[in-house]
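Residue-level structural notes
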Amino acid sequence: MDIGRFIESTKRLIRASSKPTREEFWLMLRISLLGIGLIGGIGFMVRILFLFLGTGTA
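The structure contained in this document is the topic of the report that follows.

Analysis parameters
Along each chain, the written sequence defines residue order, and numbers are assigned to residues from 1. Confidence filtering applies because this is a predicted model: local features only for residues at pLDDT of at least 70, side-chain atom pairs given and counted only at 80 or more, and all residues used for totals across whole chains, interfaces and linings. Just so you know, side-chain values use all the structure's heavy atoms and leave hydrogens and water out. By definition, any uninterrupted DSSP run of H or I lasting at least four residues is a helix, any uninterrupted run of E lasting at least two residues is a strand, and each is numbered from the N terminus. In this treatment the radius of gyration is a C-alpha quantity, and the globule benchmark scales as 2.2 Å times the residue count to the 0.38 power. Using the Shrake-Rupley algorithm and a 1.4 Å probe, accessible areas are obtained, with residue cover drawn only from the displayed protein chains. Note on aromatic contacts: the rings of Phe and Tyr and the six-membered ring of Trp form a pair at centre separations within 6.5 Å, being stacked when their planes are under 30 degrees apart, edge-to-face when over 60 apart, and tilted otherwise. Throughout this description, buried means an accessible area under 20% of the type-specific maximum (1.4 Å probe, protein chains only), exposed means over 50%, and partly exposed covers the range between. The length a helix should cover is 1.5 Å for every residue beyond the first. A patch consists of residues whose relative accessible area exceeds 30% and which take part in no salt bridge; residues with like charges are grouped when within 9 Å of each other, and nonpolar side chains (Val, Leu, Ile, Met, Phe, Trp, Tyr) when within 5 Å. Whenever Lys or Arg places a side-chain nitrogen within 4 Å of a carboxyl oxygen from Asp or Glu, that contact is recorded as a salt bridge.

**Considering the overall build of the protein**
When its secondary structure is counted, the protein shows 2 helices and 0 strands. Here the C-alpha radius of gyration of the protein, 22 Å, is well above what a compact globule of 58 residues would show, namely 10 Å. With the C-alpha coordinates of the protein rotated into their principal frame, the extents come out at 60 × 35 × 10 Å. In the structure as shown, the protein presents an accessible area of about 5,600 Å², 71% of it carried by carbon and sulfur atoms.

Here it is, written out as structure tokens:
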């Protein structure tokens, strides 16, 4: 893709996009934080499991 087509595509995308409403923003924020917390919780549980099995380095 050459630079001219990229700029035109970017302009079209910006014109078509809209700012999220407050409700949409809070929904995305809650889903993101839930995902981060879930991944962190799984990592924490794996860390504790390995500590109890004696292979951890803490």
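Let us keep going from here.
**Notes on the packing of aromatic side chains**
Considering all chains together, one arrives at 1 aromatic pair under this definition. With a centroid separation of 5.7 Å and 70° between ring planes, the pair formed by Phe-25 and Trp-26 is classed as edge-to-face. Residue classification places Phe-25 among the partly exposed positions, given a relative accessible area of 43%. Owing to a relative accessible area of 44%, Trp-26 belongs among the partly exposed residues under this scheme.

**Quick look at helix 2 (residues 22-53)**
Taking 1.5 Å of rise per residue, the 32 residues of helix 2 would be expected to cover 46 Å, and the 46 Å separating its terminal C-alpha atoms lies within 8% of that figure. Among the residues trailing helix 2, Gly-54 stands out with phi positive, at a value near 90°.

**Observations concerning the environment of Ala-16**
By the element assignment, Ala-16 lies in helix 1 (residues 3-16). Its relative accessible area of 67% is what places Ala-16 among the exposed residues. Remark: the alpha-carbon pair of Ala-16 and Ile-36, spanning 20 residues in sequence, is separated by 30 Å.

**What to know about helix 1**
Count 3.6 residues to each turn of an α-helix, and residues three or four apart come out pointing the same way. Between the first and last C-alpha of helix 1 there are 20 Å, a value that for 14 residues agrees with the 20 Å anticipated at 1.5 Å per step. Summarising burial for helix 1: 0 of the 14 residues are buried, a small minority.

**Structural notes on a nonpolar patch on the surface**
A cluster of nonpolar side chains, Leu-38, Ile-39, Ile-42, Val-46, Leu-49, Phe-50 and Leu-53, forms an exposed patch at the surface whose accessible area comes to about 700 Å². Here Phe-50 is to be found in helix 2. Here Phe-50 falls in the partly exposed class, since its relative accessible area comes to 42%.

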